[in-house]
Amino acid sequence: MSKRYLYGLTGFLSLLGLIGLFTEEKTFLAFFAFAVDFEYFFIKSDEMLEEYINKSAARAFFLGMLATAAAALFGFFVIKVAPGKALLSGFSFGWAVSVFVYALSSAYYGFRERWGL
């Protein structure tokens, strides 16, 4: 199985957004952002694409881990919430940062490749 199909499968995370439509938990609507990953089923996979995706994923992972640590420490030491709540807030913030950085980074590389830079 090609890696592009594995990347395309992450688009199915957008189905979690349906929970936000049918319940009062509107934060699930953010999962619809993963619908753009279905494009990987239709684009030609090459070494450049895989390199861009790997760079984007690595950048997102490390920035997400830093954001998790920073948010958990901020919550625990500055806001003075319970350790479990601080860690949960840190995980939530780190995940959001990871998704945001991955989306921006992969969009940057995609635009750069389309424009021939």
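A short tour of the structure in this document, coming up. For clarity, every value in this text was computed on a predicted model and none was experimentally measured. Residues take numbers from 1 onward in each chain, read along the sequence in its written order. Totals for whole chains, interfaces and linings use every residue, but because this is a predicted model, local features are given only for residues with pLDDT of at least 70 and side-chain atom pairs only at 80 or more, for both listing and counting. Heavy atoms from the whole structure form the basis of all side-chain values; hydrogens and water molecules are not counted.

**Remarks on the side chain of Ser-56**
Reasoning step 1: Along the chain, the position of Ser-56 falls in helix α3 (residues 47–79).
Reasoning step 2: Only protein chains enter the accessibility calculation, which uses a 1.4 Å probe; a residue whose area is less than 20% of its type maximum is buried, one above 50% is exposed, and one in between is partly exposed. Residue Ser-56 is classed as buried on the basis of its relative accessible area, which comes to 0%. Helix numbers and strand numbers start at the N terminus; a helix is a DSSP run of H or I with at least 4 residues, a strand a run of E with at least 2.

**Comments concerning the pattern of salt bridges**
Reasoning step 1: When a carboxyl oxygen of Asp or Glu lies within 4 Å of a side-chain nitrogen of Lys or Arg, that pair is called a salt bridge. One pass over the full model with this rule turns up two salt bridges.
Reasoning step 2: A salt bridge links Glu-51 to Lys-55; the nearest nitrogen and oxygen atoms lie 3.4 Å apart. Pair noted here: Glu-51 and Lys-55 are both in helix α3, with a separation of four residues, about one helical turn.
Reasoning step 3: Owing to a relative accessible area of 36%, Glu-51 belongs among the partly exposed residues under this scheme.
Reasoning step 4: Using a relative accessible area of 36% as the deciding quantity, one classes Lys-55 as partly exposed.

**Comments concerning the packing of aromatic side chains**
Reasoning step 1: Only the six-membered ring of Trp is used, alongside the rings of Phe and Tyr, when aromatic pairs are assigned; centres must lie within 6.5 Å, and planes under 30 degrees apart are stacked while those over 60 apart are edge-to-face, with the rest tilted. Using the criterion set out here, one finds 13 aromatic pairs in the structure.
Reasoning step 2: Ring plane angle 40° and centroid distance 5.4 Å describe the contact between Phe-31 and Trp-95, whose orientation is recorded as tilted. Residue Phe-31 is located in the loop between α2 (17–22) and α3, and its partner Trp-95 is located in helix α4 (residues 83–114); the two are separated by 64 residues in the primary sequence.
Reasoning step 3: The class for Trp-95 is partly exposed, based on a relative accessible area of 42%.

**Concerning unusual backbone geometry**
Reasoning step 1: The residue Lys-80 is not glycine, and still its phi comes out positive at about 65°.
Reasoning step 2: Looking at the element boundaries, Lys-80 is found in the loop between α3 and α4.

**Here we look at α4**
Reasoning step 1: Multiply 1.5 Å by the residue count of a helix minus one, and that product is the helix's expected span. With 32 residues, α4 ought to run about 46 Å at 1.5 Å a step, and its terminal C-alpha atoms sit 46 Å apart, in line with that.
Reasoning step 2: Within α4, burial applies to Ala-86, Gly-90, Gly-94, Val-97, Ser-98, Val-101, Ser-105 and Tyr-109.
Reasoning step 3: Residues of α4 that are buried sit in contact with α3.
Reasoning step 4: Looking one or two residues past α4, Gly-116 carries a phi angle of roughly 75°, positive in sign. Contacts between residues were defined by any pair of non-hydrogen atoms, one from each residue, lying within 4.5 Å.

**Quick look at the environment of Gly-8**
Reasoning step 1: With respect to the secondary-structure elements, Gly-8 resides in helix α1 (residues 3–9).
Reasoning step 2: Along the primary structure Gly-8 and Ile-43 are separated by 35 residues, whereas in three dimensions their C-alpha atoms are 10.0 Å apart.

**Things to note about the packing of α3 against α4**
Reasoning step 1: The convention used is that axes are lines fitted to C-alpha atoms, helices contributing only their stretch in contact, and that angles between N-to-C directions extend from 0 to 180 degrees. Where α3 meets α4, the axes come as close as 6 Å, and the angle between the chain directions of the two elements is 155°. Overall, the two elements α3 and α4 adopt an arrangement that is roughly antiparallel. Here α3 runs over α4; the crossing is right-handed.
Reasoning step 2: Ten residue types, Ala, Val, Leu, Ile, Met, Phe, Trp, Tyr, Cys and Pro, are classed as nonpolar, four, Asp, Glu, Lys and Arg, as charged, and the remainder, Gly among them, as polar. A per-class count over the contact of α3 with α4 returns 18 nonpolar, nine polar and four charged. For classification purposes, an angle smaller than 35 degrees is called roughly parallel, one larger than 145 roughly antiparallel, one from 65 to 115 roughly perpendicular, and anything else oblique. Crossing handedness follows the turn of the near helix against the far one: under a right angle anticlockwise gives a left-handed crossing, and clockwise gives a right-handed one.

In short, shape yes, function no, at least from these values alone.
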